[in-house]
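The lines below spell out each chain.
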Amino acid sequence: QIISPTPVEIWAKKHNLPVLSFENDPKKPWLFQNEKDAVNTLSTFKPDLLISACYGVKIPQQILKKAKFKGLNIHPSLLPRWRGADPIPWTILSGDQQTGVTVVAMSEQFDQGKIISQKKTQVTDTDLPDPLRKKLFTYGADLLISSLPDYLSGKNKGVNQKSQHATYARKLTRSDGFIPWDHLQTAMEEGTSVLRPLPSAIMRTIRALSPWPGVWTTIPLSFLRKQESFHHMLDPRVKPEDEKKEKRLKIIKAHVEHEKLILDTVQLEGKNPVTWLEFEKAYL
C-alpha cells in the first residue's frame with residue numbers, strides 16, 4: 001500500500017525533467033478525475049508531439065488538437081489484434097505464434113488510430129509476460145525513433161486499421177486463473193482429451209498468467225489422504241466438521257512431458273510452496 005515512483009519518474013527527476021501526475025476517476029479509471037486541470041497543466045508546455053507507452057489513461061482530445069503533430073502510442077501487439085489493457089498475456093494465452101509492437105496514432109478510442117509502423121517477432125513456447133513485455137517495448141522504442149522522421153515530415157500518414165480483425169485484451173482478474181481440479185487431473189493422467197483442455201493449453205495459461213494473477217484450483221478434501229491428520233496439520237484448533245470441503249491450490253510451476261501435464265511446484269493455501277512430489281507424499 002505504499003505508492004512508489006516508476007522508473008520513468010526516477011529517470012526524469014534525475015535529469016531535471018518535470019513529472020506530472022493526475023488523479024484517475026474512481027468510477028472510470030481510464031479517465032482523469034479532473035480533465036480540465038490536466039488539459040490546462042499540459043497546455044503550458046505547448047507540446048509539438050505527445051508520446052505514450054503502457055499508459056492506461058486516455059489523453060484528452062483537447063491536448064491532442066493543440067499539439068502540432070498530435071500523439072503517438074507504443075502498443076505491444078500487432079494491432080488491430082489485442083487492443084486493450086493486457087495484450088501480452090492474451091497473446092500467450094491464445095497460443096499466438098507471432099506478436100509484435102505497433103506505433104499507433106492516438107485517437108478518441110483506445111488503440112484504434114492509424115498504424116504508423118509495426119515490428120513483428122515470434123512467440124516461443126517458453127515466453128513469459130514480463131520478459132516478452134520488456135522485449136517488445138525495447139523494439140517499440142527503436143521503432144518509434146526510426147518512424148519519427150517520415151511521420152513528422154508528413155511522408156508517413158499512417159494506415160487505417162481493419163476493425164473486422166480486431167480482438168480485445170481485457171484486464172485479467174484472479175478468477176481467470178482458475179482451472180477445475182478434474183481438468184488438471186485429466187491433463188496429468190490422460191493427456192490429450194477431446195472433452196478436456198489439452199496439457200499444452202493449460203501450460204499456456206500457467207505461462208500467460210505468471211506472475212499475476214497466477215493459476216490455481218480448488219482441491220476437494222475427499223481427494224486428500226488421512227483427513228483428520230490433514231485438518232490437524234492445517235490448524236490443530238479447527239475441527240474437521242468446521243473445515244470447508246475444499247482447499248485452494250496454487251500451481252506455481254509445471255511443464256508438459258509426453259503430452260501430459262507435469263506439476264513441478266505447488267502451494268496449498270496457508271502453506272509454503274513445495275514440489276508436487278512432496279505434496280503427493282503428504283496429502284494424496
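About the thresholds
Residues numbered from 1 in each chain as written. Predicted model: local features only at pLDDT ≥ 70, side-chain atom pairs only at ≥ 80, totals over all residues. Heavy atoms only, no water. Salt bridge = Lys/Arg side-chain N within 4 Å of Asp/Glu carboxyl O. Helix = DSSP H or I, 4+ residues; strand = E, 2+ residues; numbered from the N terminus. Pairing = 2+ DSSP bridges. Phe/Tyr/Trp six-rings, centres within 6.5 Å; stacked < 30°, edge-to-face > 60°. Buried < 20%, exposed > 50% of the residue type's maximum accessible area, 1.4 Å probe, protein only. Core = buried A, V, L, I, M, F, W, Y, C linked by side-chain atoms within 4.5 Å. Contact = heavy atoms within 4.5 Å. Axes fitted to C-alpha atoms, helices over the stretch in contact; angles between N-to-C directions.

**Here we look at the pattern of salt bridges**
Across all of its chains, the model carries four salt bridges by this definition. The partner of glutamate 9 in a salt bridge is lysine 13, with the nearest N and O atoms 2.8 Å apart. With glutamate 9 and lysine 13 both in helix H1 (residues 7–14) and four residues apart, the pair spans about one turn of that helix. For the salt bridge of arginine 133 with aspartate 130, the shortest nitrogen-to-oxygen distance reads 2.8 Å. Placement of both arginine 133 and aspartate 130 in helix H5 (residues 129–153) is noted, with a separation of three residues, approximately one turn of the helix.

**Quick look at the pairing of strand E8 (residues 246–257)**
Sheet topology note: the strand E7 (residues 215–220)/E8 ladder contains six bridges and is antiparallel. Residue pairing across strands places valine 215 opposite isoleucine 251, the latter belonging to E8. Where E8 lies against strand E9 (residues 260–268), eight bridges are found, and the strand directions are antiparallel. Looking across to E9, one finds that histidine 255 is bridged to isoleucine 262. In this antiparallel pair of consecutive strands, E8 and E9, the connection spans two residues, and histidine 258 shows a positive phi of 55°.

**Comments concerning the sheet that holds E8**
Taken in spatial order, the four strands of this open sheet run E7-E8-E9-E10, and their pairing is antiparallel. Here the strands that pair on one side only, and so sit at the sheet edges, are E7 and strand E10 (274–275). Sheet topology places E9 next to E10; two bridges connect them, and they run antiparallel. Counted as the bridge partner of threonine 265 is threonine 275 from E10.

**What about the packing of aromatic side chains?**
The tally for this structure, following the rule as stated, stands at five aromatic pairs. Judged by centre distance (5.4 Å) and plane angle (70°), the ring pair of phenylalanine 22 and phenylalanine 32 falls under edge-to-face. Of this pair, phenylalanine 22 sits in the loop between H1 and helix H2 (35–43) while phenylalanine 32 sits in the loop between H1 and H2, placing them 10 residues apart in sequence. For phenylalanine 22, a relative accessible area of 18% gives the class buried. Relative to tryptophan 216, the ring of phenylalanine 178 lies with its centre 4.9 Å away and its plane at 55°, an arrangement referred to as tilted. In this pair, phenylalanine 178 sits in the loop between strand E6 (168–169) and helix H6 (181–189) while tryptophan 216 sits in strand E7, placing the two residues 38 residues apart along the sequence.

**Here we look at the nonpolar core**
Across soluble globular proteins, nonpolar side chains have a tendency to be buried as a group. By size, the foremost hydrophobic cluster in this structure holds 32 residues, and its most contacted members are Leu184, Leu249, Ile251, Leu261, Leu263, Trp276 and Phe279. If you list the elements that add at least two residues to this core, you get helix H4 (87–93), H5, H6, helix H7 (199–208), E7, E8, E9 and helix H9 (276–283). Excluding residues within four positions of it along the chain, phenylalanine 279 makes contact with Ile219, Leu224, Leu249, Val266, Leu268, Val274 and Leu284. Grouped together as the second largest cluster of nonpolar side chains are 12 residues, Phe32, Leu50, Val57 and Ile59 included.

**So, the sheet that holds strand E1 (residues 50–53)**
Here we have four strands laid out as an open sheet, ordered E1-E2-E4-E5, and mixed in their pairing. This sheet does not close on itself; its edge strands, each paired only once, are E1 and strand E5 (115–122). Geometrically, the sheet is characterised by an average inter-axis angle of 15° between neighbouring strands, direction not taken into account. In this sheet, strand E4 (residues 98–105) lies alongside strand E2 (residues 71–75) in antiparallel orientation, the contact comprising four bridges. Note on E4: the bridge partner recorded for asparagine 73 is valine 104.

**Points about the environment of isoleucine 219**
You can see isoleucine 219 is positioned in strand E7. You can call isoleucine 219 buried: its relative accessible area is 0%. Separated by 54 residues in sequence, isoleucine 219 and histidine 165 have C-alpha atoms that sit 39 Å apart.

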